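This is what each chain is made of:
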Amino acid sequence: MLLQDTIAALATPFGLSGIGIIRISGPEALEIARLIFQPSNGSCPWKSHHLYHGDIVSADGKTILDEGLISYMRKPHSFTGEDVIEINCHGNPIIIQSILSQLQERGCRLARHGEFSQRAFFNNRLDLSQAEALSAMICAKSAKAYAMGLSQLKGSLSKEIEDLRLLLIDALALLEAAIDFTEDTSGEKITGTPPQINQALERMQLLLSSYSSARAYAEGVNVIITGKPNVGKSSLLNSLTGRKKAIVTDIPGTTRDLITDTININGVPVHLIDTAGIREPQNAIEKEGISLVWESLANADVVIVMLDISKPLTDEDKIIIDKNTSGNIIVAINKIDLPRKWEENIIKELFSQETKILKISAKLGNGLEELRNTITDLSVSSEDVNAGSVMITNLRHKQAIEKAFKNIQNAKESIANGMSAEFAAFDLREALDSLDEITGKKINDEILDKIFSSFCIGK
Ligand SMILES: Nc1nc2c(ncn2[C@@H]2O[C@H](COP(=O)(O)OP(=O)(O)O)[C@@H](O)[C@H]2O)c(=O)[nH]1
Ligand SMILES: [Mg+2]
């Protein structure tokens, strides 16, 4: 049975480091620790949450594998809720391997991905959304993503879901009272939507609307720089990243592959993608490069359409403009340090009114600050960034809330249409089930395994 064996894994990265920490969890943890540890002062009282110094030794007690510190966290006051031992040894793969093999010989099994967190979940140390937040925190690519993970680990999302559940349970109680009251008659109708239903819908709407900003902070946004050859796309990539990543020449058609680099703008990881210039391809390589551009445009969160003000506009510019008239578009009019061949108003009407049109010099750096801010303005909504507001960062959670939202809307509709209260009650129960999937109160084992297997080893 899964929870009856004792597991071990390296909890720190595998490689060279000052120390590495091996974690053991399960009923045999303390027994195994006694066998492999020789305390430096002769005896070890194994008090919970105390640190002891000594040697890690081989099975016969004759070979010292390493010198280190060991601690014991007695159940249930440990991360997993089981007996946990942590060995602080030296961070070298050879040492780590020898200690792990020693532990296996003594009856430990090597832990699978996320198995410590899975045990913490089964022992009610964390709910599922908290375990997922913890994993997201460890992989956070920005300070904001880390902060969102931490707030969820501390229970912000769990509390919001619990509040929503209580609203639905109250509404359900009203519906069920109506059903009981009219048990003997044919129409168990309820007049008026219970206020809790509207409150729940409003709060869920807020959660759902936070998702795209949260995703931008957590995963980053793809920003594609597109334009005809020689307008200065590669120069812009280099200026924004401060690195000479893309080759800049005055020969049109230099860039063929997609060149990507990630920078942090106002806390958002921005994946910049420099592309081949769009024109009638001159050879097979350029043709391939241009087809990559069309593909990547489909995955863009923001598209920078670049135009060169020092040269007359051409049909090639027109093709790119036509492809990018709506969505998150920034028009960057480049080379404003050179004499102008056209004026901004001739392109204005080609784009929607909200489209930001900026004048820049990729070479000299003019206008880049505004460009940076525009990228993040398009990617995150300032309302969502308020400290303290609960944000949805995880696709699984978003989908569960969407499902619950639909069920609650159905309930509202059936009440409005004067249908039997049974229908609305059914929908609310479905909505509760979806919310319970987020915290893991009700979830099938297959999904659980899938979630935990995406975590790191040792977590
Ligand atoms: N004067 C001036 N030249 C620029 C500017 N941006 C790019 N260039 C020049 O335009 C040429 C083409 O630039 P590049 O970045 O390779 O364009 P790409 O083909 O769109 O990637 C190079 O000679 C650059 O030095 C700018 O803002 N001002
Ligand atoms: Mg280029």
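Fair warning: this is a prediction, and the values are worked out from it, not measured in the lab.

Chemist: What's the story with the pairing of strand β1 (residues 7–10) in this structure? I'm lost.
Modeler: On a regular strand, one side chain projects to one face of the sheet and the next to the other, so that they alternate. Burial of β1 is two-sided: the residues Ile 7 and Ala 9 facing one way and the residues Ala 8 and Leu 10 facing the other way are all buried. Pairing analysis gives four bridges linking β1 to strand β2 (residues 17–25), with the strands arranged antiparallel. In the sheet register, Ile 7 faces β2, and the bridge partner there is Ser 25. Counting the residues between successive antiparallel strands, the hairpin from β1 to β2 contains six residues. Sheet analysis places β1 next to strand β7 (residues 109–110), joined by two bridges and oriented parallel. Bridge assignment links Ala 8 to a residue of β7, and that residue is Leu 110.

Chemist: Got a minute to help me understand the side chain of Glu 132 in this structure?
Modeler: Mapped onto the secondary structure, Glu 132 falls in helix α4 (residues 128–138). Apart from the residues lying within four places of it in its own chain, the contact partners of Glu 132 are Asn 394, Arg 396, His 397, Ile 438, Ile 451 and Phe 455.

Chemist: Looking at this structure, how should I read the coordination of the magnesium ion (ligand 2)?
Modeler: Coordination of the magnesium ion (ligand 2) by the protein is provided by Ser 234 (OG) and Thr 255 (OG1), with metal-donor distances spanning 2.1 to 2.2 Å. Of this pair, Ser 234 sits in helix α9 (residues 233–241) while Thr 255 sits in the loop between α9 and β9 (259–265), and the two are 21 residues apart along the sequence. For the pair shown, Ser 234 and Thr 255 are each scored as buried.

Chemist: Would you explain the sheet that holds strand β10 (residues 268–274) in this entry?
Modeler: Think of a sheet as strands paired side by side through backbone hydrogen bonds, with each pair either parallel or antiparallel. What the six strands build is an open sheet, ordered β9-β10-β8-β11-β12-β13; its pairing is mixed. One side of each edge strand has no neighbouring strand; the edge strands of this open sheet are β9 and β13 (356–359). Taken over all neighbouring pairs, the strand axes of this sheet differ in orientation by 25° on average, direction set aside. Examined bridge by bridge, strand β11 (residues 302–308) and strand β12 (residues 329–334) share six bridges and lie parallel to one another. Considered in β12, the bridge of Val 303 is made with Ile 329.

Chemist: Could you clarify how one ought to interpret the domain arrangement of the protein in this entry?
Modeler: Interfaces are often described in size by the accessible area the parts lose on coming together. By domain assignment, the protein separates into domain 1 (2–126), domain 2 (155–210 + 390–440) and domain 3 (219–383). Domain 1 and domain 3 are separated by 53 Å when their C-alpha centres are compared.

Chemist: What is the right way to read the packing of aromatic side chains from this model?
Modeler: Remark: the centre distance and the inter-plane angle together describe each pair of aromatic rings, the angle taken between the planes. Taken as a whole and assessed by the stated rule, the structure comprises five aromatic pairs. When the ring of Trp 46 is compared with that of Tyr 52, the centres are 6.2 Å apart and the planes differ by 65°; the resulting orientation is edge-to-face. Comparing Trp 46 with Tyr 52 shows no difference in burial state: the two are buried. Their ring planes at 40° and their centres at 6.0 Å tell us that Phe 121 and Phe 452 sit as a pair that is tilted.

Rules and cut-offs
Residues numbered from 1 in each chain as written. Chains lettered and ligands numbered in written order. Predicted model: local features only at pLDDT ≥ 70, side-chain atom pairs only at ≥ 80, totals over all residues. Heavy atoms only, no water. Buried < 20%, exposed > 50% of the residue type's maximum accessible area, 1.4 Å probe, protein only. Helix = DSSP H or I, 4+ residues; strand = E, 2+ residues; numbered from the N terminus. Pairing = 2+ DSSP bridges. Contact = heavy atoms within 4.5 Å. Donors = N, O, S within 2.8 Å, 3.2 Å for Na, K, Ca; no water. Axes fitted to C-alpha atoms, helices over the stretch in contact; angles between N-to-C directions. Domains from an automatic or database assignment. Phe/Tyr/Trp six-rings, centres within 6.5 Å; stacked < 30°, edge-to-face > 60°.

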